[in-house]
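Structural description and commentary
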Amino acid sequence: MVRSNSGKDKIMDAKAKQQEHFRDFPTTPEATQQYYDQHWGPGKLYDKDMADWQYSTPEEGAALLSEYVPDKSAPILDAGCGTGLVGTALKNLGYNNIVGADFSKSMLDGCPENTYKELKFCDLNKDLPFDPRSFSAVISIGTFTFGHLDLDTLDRFCSVAKQGAPVIGTCNVLQWKEISIQKKLFELDSTGVWDLRKLQKSNYLPGIDLEAWMWAGLVK
């Protein structure tokens, strides 16, 4: 009897796509912004790639947020919103007061209408254009990765979150091994900035066999 290698072949193909994507991926925020604006944003190529790669974390992150924020009208910041995949997942759960923020104009231009109450074109690695303690949740999916957000951005997220608000984010397992983000998450907990409630695996991008860590810290 000849056994099929289709399962193994799919994993190998996914790994090859993963390596191909990250081999030439930008490594600085400036280069990443240019990459999104010129290559990945126009024509909704980003959305196509995410669909092909079975991007699951927007729905997973929205579901995690819903565990802590029952009020569907609560103000939520989708930090690094891209083309609105997380906002769409939140809207599908009934949330209607979402602010999106991103440093790529072309990605913001790809956001669906009537998902966000407001869209902010800004650099999240700098001072945030929001009032302190103004959001009932901050969610930032897929942003703590190659050439994206600095770890200090987590402090800024916590500063604009209300007391008791969850700050939810992800870091793919490749980057998790290279930066001290795990240390940062527990440092925010030990210094009393937040209460780290969850740290769990996310399927993230099953289409290229790439998992992520996802967390939720409740701001004190």
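What the protein chain contains, in helices and strands, is nine helices and seven strands. In terms of overall size, the protein chain behaves like a compact globule, its C-alpha atoms giving a radius of gyration of 17 Å where 220 residues would be expected to give roughly 17 Å. In terms of its C-alpha atoms, the protein chain occupies a principal-axis envelope of roughly 60 × 40 × 35 Å. For the protein chain, with 220 residues in total, the buried portion stands at 51%.

Let us look at helix 5 (residues 85-92). Residues that lie three or four places apart on an α-helix share one face, since the helix turns once every 3.6 residues. What helix 5 keeps buried is the set Val-86, Gly-87, Ala-89 and Leu-90. Along the long axis of helix 5, the arc covered by the buried residues comes to 160 degrees, so they all point the same way. Immediately downstream of helix 5, the backbone of Gly-94 shows phi near 105 degrees, a positive value.

Glancing now at the nonpolar core. Judged by nonpolar contacts, the single largest core of 37 residues is most densely connected at Leu-65, Leu-90, Ile-139, Ile-168 and Leu-205. Among the secondary structure elements, those contributing two or more residues to this core are helix 2 (29-40), helix 3 (45-52), helix 4 (57-66), helix 5, helix 6 (105-109), strand 4 (137-140), strand 6 (194-205) and strand 7 (210-219).

On to the packing of helix 2 against helix 3. Helix 3 packs onto helix 2 with a crossing angle of 95 degrees between their chain directions and a minimal axis gap of 9 Å. Comparing the axis directions of helix 2 and helix 3 gives the class roughly perpendicular. Between helix 2 and helix 3, the contacting residues are Tyr-36, His-39 and Trp-40 on the first element and Leu-45, Tyr-46, Asp-49 and Met-50 on the second. Residue classes in the contact of helix 2 with helix 3 are distributed as five nonpolar, one polar and one charged.

Even without a glycine there, the phi angle at Lys-44 is positive, about 55 degrees. Tracing the backbone shows Lys-44 in the loop between helix 2 and helix 3. The phi dihedral of Arg-133 falls on the positive side, at around 55 degrees, and the residue is not glycine. Mapped onto the elements of the fold, Arg-133 is located in the loop between strand 3 (118-121) and strand 4. Look at Arg-133 and you get partly exposed, because its relative accessible area is 41%.

Mapped onto the elements of the fold, Asp-13 is located in helix 1 (residues 6-23). For Asp-13 and Gly-207, which are 194 residues apart along the polypeptide, the C-alpha to C-alpha distance reads 9.1 Å.

As summarised here, the arrangement of the seven strands in space is 3-2-1-4-5-7-6, forming an open sheet in which the pairing is mixed. Edge positions in the sheet fall to strand 3 and strand 6, since each has one partner strand and no second. Shown here is a sheet whose adjacent strand axes are inclined to one another by a mean of 20 degrees, direction ignored. Pairing of strand 2 (residues 98-102) with strand 3 involves four bridges; the strand directions are parallel. Within the sheet, the bridge partner assigned to Asp-102 lies in strand 3 and is Phe-121.

Tracing the backbone shows Asp-78 in strand 1 (residues 76-79). Of the side chains bearing the opposite charge, Lys-91 lies closest to the buried Asp-78, which forms no salt bridge; the N-O distance is 13 Å. Within the local environment of Asp-78, its side chain forms a polar contact with the backbone nitrogen of Gly-87, the two atoms lying 3.4 Å apart. Discounting chain neighbours no more than four positions away, the residues touching Asp-78 are Val-86, Gly-87, Ile-98, Val-99, Gly-100, Ala-101, Tyr-116 and Ile-139.

The next subject is helix 3. Here helix 3 has its buried residues at Tyr-46, Asp-49 and Met-50. The buried side chains of helix 3 occupy one side of the element, clustering within an arc of 100 degrees when seen end-on. Tucked inside the fold, the buried residues of helix 3 contact helix 2, helix 5, helix 6 and strand 6. Following helix 3 by one or two positions, Gln-54 has its phi on the positive side, about 60 degrees.

Basis of the calculations
Residues numbered from 1 in each chain as written. Predicted model: local features only at pLDDT ≥ 70, side-chain atom pairs only at ≥ 80, totals over all residues. Heavy atoms only, no water. Helix = DSSP H or I, 4+ residues; strand = E, 2+ residues; numbered from the N terminus. Rg over C-alpha atoms; globule rule 2.2 N^0.38 Å. Buried < 20%, exposed > 50% of the residue type's maximum accessible area, 1.4 Å probe, protein only. Arc of directions from axis to C-beta. Core = buried A, V, L, I, M, F, W, Y, C linked by side-chain atoms within 4.5 Å. Axes fitted to C-alpha atoms, helices over the stretch in contact; angles between N-to-C directions. Parallel < 35°, antiparallel > 145°, perpendicular 65-115°, else oblique. Contact = heavy atoms within 4.5 Å. Nonpolar A, V, L, I, M, F, W, Y, C, P; charged D, E, K, R; others polar. Pairing = 2+ DSSP bridges. Lys, Arg positive; Asp, Glu negative; His and termini not counted. Salt bridge = Lys/Arg side-chain N within 4 Å of Asp/Glu carboxyl O. Polar contact = N/O pair within 3.5 Å; in protein donor to acceptor, adjacent residues only side chain to side chain.

Function cannot be read off these values alone, since they describe shape.
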